Amino acid sequence: MPVDPAESMDVSGDTLGATGANTVQTVTGPIPTADLGRTLMHEHLSIGYAGFEAHSSRPGPGRAEMVAVCTERIRQLQDLGYSSMLDPCPSDLGRDVDLMVEVAEATGFNIVCATGLYKEEEGGTAYWHFRAQFDDVGAVMADQFISELTDGVGSTGVRPGIIKCATGPGAMTDYERTVFDAAAAASVATGAPVTTHTDRGTMGGLQQDVLTAAGVPANRVIIGHSCGSTDTGYHMGIAAGGSYLGFDRFGIGTLMPDVDRVASLVRLFEQGAGDRVVVSHDSVWCWRGEPFPPALAGRVSDLFDPTRFDREIVPMLHDSGVTDEQIEMLVVDNPRRFFEGVPLAELGT
Ligand SMILES: [Zn+2]
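Residue indices begin from 1 for each chain and proceed along its sequence in written order. Where totals are concerned, whole chains, interfaces and linings use all residues; where local detail is concerned, this predicted model gives features only for residues with pLDDT of at least 70, and gives and counts side-chain atom pairs only at 80 or more. Calculation of side-chain values draws on the structure's entire complement of heavy atoms; hydrogens and water are dropped beforehand.

Caption draft 1: Representation of the pattern of salt bridges. By salt bridge we mean one thing: a side-chain nitrogen of Lys or Arg within 4 Å of a carboxyl oxygen of Asp or Glu. In this structure the tally under the stated criterion is 18 salt bridges. Taking the shortest distance from any N to any O, the salt bridge between Asp 305 and Arg 311 comes out at 2.6 Å. Asp 305 sits in the buried class, given a relative accessible area of 12%. Relative accessibility thresholds used throughout: buried, under 20% of the residue-type maximum; exposed, over 50%; partly exposed, between the two (1.4 Å probe, protein chains only). Look at Arg 311 and you get partly exposed, because its relative accessible area is 42%. Here the salt bridges do not stand alone but share partners, grouping Asp 305, Arg 308, Arg 311 and Glu 312 into one network.

Right, dumping it as C-alpha cells:
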C-alpha cells in the first residue's frame, strides 16, 4: 500500500474508516473516544457459521427475536454501567451490521463492528480459495477490507472500526497468513487497529510479529483470547512487544476455568502489564441456524453471559488484591487508549 502509516494516522476520524487519534467509528457513526466509557472488547450480537443458510429447516431466531434478545443483554450491561462494546465478528461469520445498527439505535449503546476474515477451519474459505485460482487473493482481500473501512459495508454505509483476523490452534495456515497480510495492509492504509482470534493460547507471538513486520504499530493490535493460555511467559512476550492481550473469554469454562484466567491476569498485574489487557466474554447472544442441538440451548445461553465479569470475576480479582482502580483500567482506560493509539510504556521482561 502506498500510504505512509504515520501520515495516515493524522487523517481525521471523519475520513478514516476506523479512528482518528481521538475518534472511534461505531455502527451509528464516529464518537469521541472519551465517550466510550466502560467497554467490553469482544462480545457478539449474533454469529452464523459459514453455511448456516443450508440448514433452512432450522433458521434460528427471527429478526424481532434477535433484536429483543440483544436489547435485553445490552440493558443488563447498561445497568452495570457499560456504554460500549466491540463486536469483532468477521465478515464471513454471519456478521449482521443492520442488526447492530437497530440494537444500537434502540438502546443508545455504542457498538463497534469489524471487517476481516475468520480462521481457515471455520471461515467462509471456499469463496476465497476459488478466487485464489485466478488472482493475488491477498490483494483482493486487502481492497475489500479497505473498501469497508472507508466506504462502509455493502450499501449500508456502516463503517467498521477495527480489522479482525484469526488463526487456528498451533499453526498459522497459508490462507490465514494471506488474511493477516491483507489485514496489515488495510491497517497501514487506513490507520484502523486490529484484533485477533487465537485458539488454545497459541500463535499470539507470531500474529504480533506478522502484523508489526508489515508496519502495524504494536499498540494497535489486540491478541485475542490470550486467556486461553496460563503461560505468563507467553503473555509477557506479547506484552513486552507492545500489544494488548484479550482476556476475553470469561465464562467459557470448557476451554479454561475462570479461576485460571484470573490467576493469569493477576500475574500480569504483578509484572506491570495491567495497562495492556482488555476483558470480555466472547459471548454470543443469537446463533443463526441451529449449530447446537435444541437440548443444549439452555446451557449455551447460560454459558454466554456478558454480565459475568462484573458479577463473578471482579470479586475473584478483589480477593487476589486487584483494586477497583485496576479494574476500571481494564474496562475504561485500556479500551480508550487502544482506540486512541496512545503509546504504551516499555516493559521489562
Ligand atoms: Zn469472538
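Caption draft 2: Representation of the coordination of the zinc ion. Water is not among the atoms examined, so metal sites may look incomplete; donors are the N, O and S atoms within 2.8 Å of the metal, or within 3.2 Å for Na, K and Ca. Protein coordination at the zinc ion comes from His 42 (NE2), His 44 (NE2) and Asp 282 (OD), with a distance range of 2.1 to 2.2 Å. Sequence spacing of the donor residues for the zinc ion, all on one chain, is H-x1-H-x237-D. Taken together, the positions of His 42 in the loop between strand E4 (38-40) and strand E5 (44-47) and Asp 282 in the loop between strand E12 (277-279) and strand E13 (284-287) put the pair 240 residues apart, joining distant regions of the chain. Asp 282 matches His 42 in its accessibility class, with the two residues each being buried. Helix and strand definitions follow DSSP, with helices as H or I runs of at least four residues and strands as E runs of at least two, each counted in order from the N terminus.

Caption draft 3: Examining the packing of aromatic side chains more closely. Any two rings among Phe, Tyr and Trp, with Trp reduced to its six-membered ring, count as a pair given centres within 6.5 Å; such a pair is stacked if its planes are under 30 degrees apart, edge-to-face if over 60, and tilted if neither. One pass over the full model with this rule turns up eight aromatic pairs. Ring centres of Tyr 127 and Trp 128 lie 5.0 Å apart, and the angle between their planes is 80°; this geometry places the pair in the edge-to-face category. Take Tyr 127: its relative accessible area is 54%, and that puts it in the exposed class. Note on Trp 287 and Phe 292: the rings are 4.9 Å apart at their centroids and 85° apart in plane angle, and the pair reads as edge-to-face. Here the aromatic residues Tyr 49, Trp 287, Phe 292 and Phe 304 are joined through ring pairs into a cluster of three or more. Placement of a positive charge over a ring is assigned whenever Lys NZ or Arg CZ falls within 6 Å of the ring centre and within 35 degrees of the normal to the ring plane. The side chain of Arg 38 reaches across the aromatic face of Tyr 82, ending 4.6 Å from its centre.

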